[in-house]
Amino acid sequence: MDDDAGDGAASGGTKRKVTAASSSAAAKGKAAGKGKAASKASALATAKESSLLKQKSPAEFFAENKNIAGFDNPGKSLYTTMRELVENALDSAESISELPDIEIIIEEITKSKFNTMIGLVDRQRIDEELYDDFESAKAREKRLAKEARFQETQAKNAALGKKVKEAPAARGKGRGEAAFFRVTCKDNGRGMPHDDIPNMLGRVLSGTKYGLRQTRGKFGLGAKMALIWSKMSTGLPIEIKSSMKGQNFISFCRLDIDIHKNVPHVHLHEKRENKDRWHGAELQVIIEGNWTTHRSKILHYMRQMAVITPYAQFLFRFLSDSPDKNLTIQFARRTDVMPPIPLQTKHHPSAVDLLLIKRLISETTKQNLLQFLQHEFVNISKSHAERLIGEMGPDFSAKTTVKSLTSQQLVRIHQLFRQAKFDDPSGNCLSPAGEYNLRLGIIKELHPDLVATHASSPQVFEGHPFIVEAGISIGGKDVKHGLNIFRYANRIPLLFEQGADVITRTALKRINWSSYKINQQQDKIGVFVSIVSTKIPFKGTGKEYIGDDITEIASAVQSALKQCCLQLKSKIVKKLQARERQDRKRNLNRYIPDVARAIMETLGEIADESPPKRPRYDKEDEELLEKVNSEEVTEMTFRDCLTQHVEQVDYEMALEYAMQSGVSEEPREALYLNSLEGSYKFIDFQSPVFVFRFIP
Ligand SMILES: Nc1ncnc2c1ncn2[C@@H]1O[C@H](COP(=O)(O)OP(=O)(O)OP(=O)(O)O)[C@@H](O)[C@H]1O
């Protein structure tokens, strides 16, 4: 046993090892087998799960992809929330032709205030090391030493007159404390029907602005995204007050959204007294945000909006617990002339696709093909429709019931629409800001030294009409040197993704500023371009820029800017010439005292000669010398005469220039008047240098 045991010990050691090895291998094998089986099972489960059909509600989709709608981070979300509410407010007031009066308040809510609001008791930190912003004593010591060294170097640099760098901001490694804001926007617009409020504001992709019309809003998403963001960041509902014109009650609604079902979840919906007969809407959301990073974007947005909407009055307030951060800015109304209300229009045949044709057929009240073509599209008259039907082939006739058309027949119609020639859509349905308003907005917000504006006539891309309005200003308040580009689409300021935009690219690359006597680096140049259309071809996900690839738009922007530059050039040339004249006059005047003294000295010497060295031929000379001797003519006399002469020459030159340039150099364009009939209640006198609006 022992031997065995001994042997066993010797060989048994190996044996044991072997056994152990083999058993461990077996165990491993088993484990591996189990592991394989487990991973196989989990792979199967994943495969099963990934083949499981799931659906997502639009609300869920946008909650997961909120950057698509401009809610990339808390700072941008604060900006976009404010922007969506302001644009809804403007759309609403303009839709009832009411001069917009809009109040925006962003109120900072401290964490403890926020906790109180939601009924959460404040808690002090106990275990500091748990937190992201924790700094050990050693790390703190190291940081302070580094900061002290930096300050020492900067002090030395300052003493040596070298450039002093700003201390780098202390950067926490974590996400930092969240900041909360109550955003309120109140308007004097149309308001919303009591029963529609929950669906308008609690169901993603619902709104009243669908259809072919120039509006700021389009998707039925903006306000709901603000609500989704508030739900994601604070969990708080949105509050709406609204009253329509003539309504004796105010609708009050507090709601949030059921993200999974994409339906409103109403907390309270009631009618309240409306003593003041107020009409409009007031929306309020509490969201996470970042004022520090997006303050300047928000203020820029407001200023740019004030430029393009001088008929609106905005009161912007930022409120917080620290009074030095508080802000109140009033953007005053400067005109009560509003652009006409944009009209709903019909589709242009060259701008429809198969799906749209099918939808139009399902919605039309017209019975036959002839009526359908004639009434559901622009620019197809009865005779034109008949010719088109003839071209479609023997399967089609004017009397063909439109709802009975087969898929193939629809493809045929679509193909013909793409190939046939149609007149361009007219652009009557558009509502540009108007040169008058654009100019007024630029002057009121920037106070420039020079300004020029131009509006293009309606043009077309892919069957959609568009109008480009442009303005260029030189000089002004709070304008930096170089190009300051203000971009607008359907009268909304575009602030992000500037680089690839058609307006930026045109201003930077396709305008030769120096040929218009404008210094692209030194001058303070404001470039304003506003594009309005029934379809703005935004690029990217955030509705923030218009691509540079639509030739029609690119060349319209270039030509509008060039027109402004031409107007400016003539003004700048005039200014330069006036300055040159002034310089010449100043230089001549500067020499007058010396010249007068020199003449006087020479004359004095000649008058003193007796007998004279040279014979005095002229009686006039004789008289002059006598006057010099009798001091009837003095140095002052010469000064006065010379000053008068310089004055006279300058006047003559100015007159000559005015006569010449008045005749030949001034850009000339016909003045034209709008008819007083129709929707125009005013007459515009248009000229390249001014627009004068006469309201009878
Ligand atoms: N201040 C308001 N006054 C009146 N109606 C409003 C107001 N705000 C929103 N609405 C109504 O609610 C609807 C939904 O607004 P929402 O901001 O979600 O989308 P939208 O403005 O239609 O489109 P977009 O997403 O492009 O901004 C609007 O179409 C409008 O009918």
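You'll find the protein chain entered in UniProt as DNA topoisomerase 6 subunit B, with Oryza sativa subsp. indica given as the organism. If you open the UniProt record of the protein chain and go to Catalytic activity, you find "ATP-dependent breakage, passage and rejoining of double-stranded DNA."

Caption draft 1: Just the overall build of the protein chain, in detail. Along the protein chain, the regular secondary structure elements total 17 helices and 18 strands. The buried share of the protein chain, taken over its 696 residues, is 30%. Across the protein chain, every contact between residues at least 6 apart in sequence was considered, and the portion connecting residues at least 24 apart equals 75%.

Caption draft 2: Spotlight on the site of the ligand. In the vicinity of the ligand there are 23 residues, among which Asn-88, Ser-92, Gly-207, Gly-217 and Gly-222 approach most closely. Elements supplying a minimum of two residues to the shell around the ligand: helix 3 (74-95), helix 6 (197-202) and helix 7 (222-233). Among the elements that line the shell around the ligand, the one with the most residues is helix 3, at four residues. Residue classes in the shell around the ligand are distributed as eight nonpolar, nine polar and six charged.

Caption draft 3: Looking closely at the environment of Ile-298. Mapped onto the fold, Ile-298 is located in helix 8 (residues 291-308). Expressed as a C-alpha distance, the spacing of Ile-298 and Lys-76, which sit 222 residues apart in the sequence, is 9.4 Å. Ignoring sequence-local partners within four residues, the contact set of Ile-298 consists of Tyr-79 and Met-82.

Caption draft 4: The packing of helix 15 (residues 551-608) against helix 16 (residues 619-629), seen in detail. Across the interface, helix 15 lies against helix 16 with an axial gap of 9 Å and an inter-helix angle of 100°. Considering the angle they form, helix 15 stands roughly perpendicular to helix 16. Counted together, Leu-603, Gly-604, Ile-606 and Ala-607 of helix 15 and Leu-625, Val-628 and Asn-629 of helix 16 form the full contact between these two elements. When grouped by side-chain class, the residues that make up the contact of helix 15 with helix 16 number five nonpolar, two polar and no charged.

Caption draft 5: Representation of the environment of Arg-277 within the structure. With respect to the helices and strands, Arg-277 occurs in the loop between strand 5 (263-273) and strand 6 (280-289). With 30 residues separating them in the primary sequence, Arg-277 and Gln-247 have C-alpha atoms 7.0 Å apart.

Caption draft 6: Region of interest: the nonpolar core. If you look at the biggest cluster of nonpolar residues, it comprises 100 residues, and the most contacted ones within it are Val-529 and Leu-561. Taken together, domain 1 (61-116 + 177-331) and domain 3 (435-573) each give at least three residues to this core, which thus spans both. If sequence neighbours within four positions are ignored, Val-529 has contacts with Val-468, Ala-470, Arg-487, Tyr-488, Ile-503, Val-557 and Ala-560. Counting nine residues, the second-largest nonpolar core is a separate cluster that includes Leu-369, Phe-372, Leu-373 and Val-378.

Caption draft 7: Up close: the pairing of strand 14 (residues 524-533). Of all the 10 residues making up strand 14, 10 are buried; the element is thus mostly covered by neighbouring parts of the structure. Alternating positions in strand 14 separate into two faces, Lys-524, Gly-526, Phe-528, Ser-530 and Val-532 on one and Ile-525, Val-527, Val-529, Ile-531 and Ser-533 on the other, with burial throughout. Here strand 11 (residues 464-474) runs beside strand 14; their pairing, made up of nine bridges, is antiparallel. From the neighbouring strand, Ile-474 faces strand 14, where its bridge partner is Ile-525. Here eight bridges tie strand 12 (residues 482-489) to strand 14, and the two strands are oriented parallel to one another. Directly across from Phe-486, in strand 14, lies its bridge partner Phe-528.

Caption draft 8: Up close: the confidence of the model for the protein chain. Within the protein chain, residue pLDDT values average 85, and 86% of them lie at 70 or more. Scored below 50 in pLDDT, residues 1-25 makes one contact in the model with residues more than four places away or belonging to other chains. Both scores are available for the predicted complex, with the pTM at 0.74 and the ipTM at 0.98.

Caption draft 9: Representation of the packing of helix 3 against helix 8 in the model. Two elements in contact, helix 3 and helix 8, have axes whose closest approach is 8 Å; the angle formed by their N-to-C orientations is 25°. One element, helix 3, and the other, helix 8, form an angle in the roughly parallel class. The element helix 3 and its partner helix 8 pack so that their crossing is right-handed. Packed against helix 3, whose contacting residues are Gly-75, Lys-76, Leu-78, Tyr-79, Met-82, Arg-83 and Val-86, the element helix 8 presents Trp-291, Thr-293, His-294, Lys-297, Ile-298, Tyr-301 and Met-305 at the interface. Its residues assigned to classes, the contact of helix 3 with helix 8 comprises eight nonpolar, three polar and three charged.

Caption draft 10: Highlighting the pairing of strand 3 (residues 238-243). As paired strands, strand 3 and strand 4 (residues 249-258) are joined by five bridges and run antiparallel to one another. Counterpart to Lys-241 in the pairing with strand 4 is Phe-252. Hairpin connection of strand 3 to strand 4: five residues between the antiparallel strands, including Gly-246 at a positive phi of 80°. For strand 3 and strand 6, the ladder comprises five bridges, and the chain directions are antiparallel. The residue bridging Ile-240 from the neighbouring strand is Leu-283, located in strand 6.

Caption draft 11: A look at unusual backbone geometry. Backbone geometry at Asn-379 places phi at a positive 60°, although glycine is not the residue there. If you check the backbone angles, Glu-631 has positive phi at about 60° while not being a glycine. Positionally, Glu-631 belongs in the loop between helix 16 and helix 17 (635-663). Given 8 C-beta atoms within 10 Å, Glu-631 falls into the exposed group.

Caption draft 12: The sheet that holds strand 3, seen in detail. Strand order in the open sheet made by the eight strands is 5-4-3-6-2-1-7-8, with mixed pairing throughout. Sheet topology places strand 5 and strand 8 (327-331) at the edges, where each strand pairs with a single neighbour. Along the sheet, successive strands turn relative to each other by an average axial angle of 15°, direction set aside. Packing of helix 7 onto the sheet brings it into contact with strand 3, strand 4 and strand 6, and relative to strand 6 it is tilted by some 40°.

Caption draft 13: Inspection of the environment of Ala-470 at higher detail. In this fold, Ala-470 is placed in strand 11. Since 29 C-beta atoms lie within 10 Å of it, Ala-470 is described here as buried. Distance in space between the C-alpha atoms of Ala-470 and Thr-184 is 32 Å, their sequence separation being 286 residues. Sequence-distant contacts of Ala-470, defined by excluding residues within four places in its chain, comprise Thr-453, His-454, Phe-528, Val-529, Ala-560, Leu-561 and Cys-564.

Definitions and limits used
- Residues numbered from 1 in each chain as written.
- Predicted model: local features only at pLDDT ≥ 70, side-chain atom pairs only at ≥ 80, totals over all residues.
- UniProt positions renumbered as here; feature names shortened; annotations may be inferred.
- Helix = DSSP H or I, 4+ residues; strand = E, 2+ residues; numbered from the N terminus.
- Buried ≥ 20, exposed ≤ 12 C-beta atoms within 10 Å, placed from the backbone.
- Contact = placed C-beta atoms within 7 Å.
- Near = placed C-beta within 6 Å.
- Nonpolar A, V, L, I, M, F, W, Y, C, P; charged D, E, K, R; others polar.
- Axes fitted to C-alpha atoms, helices over the stretch in contact; angles between N-to-C directions.
- Parallel < 35°, antiparallel > 145°, perpendicular 65-115°, else oblique.
- Core = buried A, V, L, I, M, F, W, Y, C linked by C-beta atoms within 7 Å.
- Domains from an automatic or database assignment.
- Pairing = 2+ DSSP bridges.
- pLDDT = per-residue confidence, 0-100.
- Left-handed = near helix turned anticlockwise from the far one by under 90°.

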